[in-house]
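As a plain string of letters, each chain reads:
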Amino acid sequence: MKLHELRDNDGATKRKKRIGRGAGSGMGKTGGRGIKGQKSRSGVAINGYEGGQMPLYQRLPKRGFNKPNRKSFAVVNLGLIQKFVEAGKLDASSAITEDALVASGLVRRKLDGVRVLAKGDISTKIDLQVTGASKSAVDAVEKAGGSLTITAATAAE
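First things first, this report covers the structure right here in the doc. Just so you know, the residues in each chain are numbered from 1, in the order the chain's sequence is written. Since the coordinates come from a predicted model, pLDDT governs what is reported: local features require at least 70, and pairs of side-chain atoms require 80 or more to be given and counted, while whole-chain, interface and lining totals use all residues. Remark: hydrogens and water are excluded; side-chain values derive from all non-hydrogen atoms of the structure.

**Quick notes on the sheet that holds strand β3 (residues 114-117)**
Item 1. In this description, strands pair whenever DSSP reports at least two bridges between them. Numbered from the N terminus, helices here are DSSP runs of H or I no shorter than four residues, and strands are runs of E no shorter than two. The strand order across the open sheet formed by three strands is β1-β3-β5, and the pairing between neighbours is parallel. At either end of the open sheet lies a strand with only one pairing partner, and these are β1 (74-77) and β5 (132-133).
Item 2. Alignment of β1 against β3, held across four bridges, turns out to be parallel. Residue pairing for β3: N77 is matched across the bridge by L117.
Item 3. By definition in these notes, contact holds between two residues if any of their heavy atoms fall within 4.5 Å. Fitted lines through C-alpha atoms give the axes, limited to the stretch in contact for helices. The angle between two N-to-C directions lies from 0 to 180 degrees. Packed onto the sheet, helix α2 (residues 78-86) meets β1 and β3 and runs at close to 70° relative to β1.

**Describing a nonpolar patch on the surface**
Item 1. Taken together, M1, L3 and L6 make up a surface patch of nonpolar side chains, about 450 Å² in accessible area.
Item 2. For L3, the location among the structural elements is in the segment before α1 (56-59).
Item 3. Burial classes follow relative accessibility: with a 1.4 Å probe on protein chains only, a residue under 20% of its type's maximum area counts as buried, one over 50% as exposed, and anything between as partly exposed. A relative accessible area of 75% places L3 in the exposed class. For patch building, the residue pool is restricted to those with more than 30% relative accessible area and no salt bridge; the joining distance is 9 Å between like charges and 5 Å between nonpolar side chains (Val, Leu, Ile, Met, Phe, Trp, Tyr). Method for areas: the Shrake-Rupley scheme with a 1.4 Å probe, in which residue coverage is limited to the protein chains shown. Salt bridge, as used here: a side-chain nitrogen of Lys or Arg that lies within 4 Å of a carboxyl oxygen of Asp or Glu.

**Considering the pattern of salt bridges**
Item 1. This model, assessed by the stated rule, comprises three salt bridges.
Item 2. With its nearest N and O atoms 2.9 Å apart, the salt bridge here joins R59 to E50.
Item 3. We classify E50 as partly exposed; its relative accessible area is 30%.
Item 4. Measuring nitrogen to oxygen at the nearest pair gives 3.0 Å for the salt bridge that ties K110 to D99. Of this pair, K110 sits in the loop between α3 (98-104) and β3 while D99 is found in helix α3, placing the two residues eleven residues apart along the sequence.

**So, the nonpolar core**
Item 1. Counting 23 residues, the largest nonpolar core has I81, V116, I126 and L128 as the members making the most contacts within it.
Item 2. Looking at this core, the elements with two or more residues in it are β1, α2, β3, β4 (127-130) and α4 (135-143).
Item 3. With four residues, α2 is the largest single contributor of residues to this core.
Item 4. Those residues within four positions of L128 in sequence are excluded, and the remaining contacts are L78, I81, I96, V116, V141, S147, L148 and T149. In this description, a nonpolar core means a group of buried Ala, Val, Leu, Ile, Met, Phe, Trp, Tyr and Cys residues linked to one another through side-chain atoms lying within 4.5 Å.

**A few points about the side chain of S40**
Item 1. Along the polypeptide, S40 turns up in the segment before α1.
Item 2. At a separation of 2.8 Å, a polar atom in the side chain of S40 contacts the main-chain carbonyl oxygen of K36.
Item 3. The definition of a polar contact used here is a pair of N or O atoms within 3.5 Å, where within protein one atom must be able to donate a hydrogen and the other to accept one, and adjacent residues in sequence count solely through side-chain atom pairs. In this structure the side chain of S40 is engaged in a polar contact, spanning 2.8 Å, whose partner is the backbone oxygen of G37.

**Regarding the sheet that holds strand β2 (residues 96-97)**
Item 1. Reading across the sheet, the three strands line up as β2-β4-β6 and stay open at both edges, with parallel pairing between neighbours. Of all the strands in the sheet, the pair left with one neighbour each is β2 and β6 (147-150).
Item 2. For β4 and β6, the ladder comprises four bridges, and the chain directions are parallel. Across the sheet, residue D127 finds its bridge partner in β6, namely S147.

**Points about the pairing of β3**
Residues in a regular strand project their side chains so that they alternate between the two faces of the sheet.
Item 1. Where burial is concerned, the two faces of β3 differ: the one with V114 and V116 is buried and the one with R115 and L117 is not.
Item 2. Here two bridges tie β3 to β5, and the two strands are oriented parallel to one another. Each residue of the ladder has a partner; that of R115, found in β5, is G132.

**Digging into the environment of G52**
Item 1. Here G52 shows up in the segment before α1.
Item 2. Distance from G52 to K125, taken between C-alpha atoms, is 68 Å for residues 73 residues apart in sequence.

Here is the structure:
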């Protein structure tokens, strides 16, 4: 075998179909697209259409439900509150409200209120006034000698 004798196997390569090169080519004029209609125009793809086969998005079941009026709470963990109290960003001697949490930078925005969760430890006696809290968070704050008051939700501004 010599370099000039190298070639592909028979049928391994196929010449590109040259469309729109005159009537004699058999692929001139409409170029194999038929006459008129959406699919004969350029730049058209019918999204999600699978040639009559049931499209994927219709084959899969619908799941879940999105509640249109659901509330979205800003979430704060007790460990972070403790950290901010130790750093002096929150004043443990006075009541810690949602506005105080926002002012300290612990919460970016209130949304539909602030909800306290029990991740982390709290050792400082604090008086928290928030929209919501988990049962374990309430227990942890009371165990540390503080109080956690749940107030009515106020709309986000």
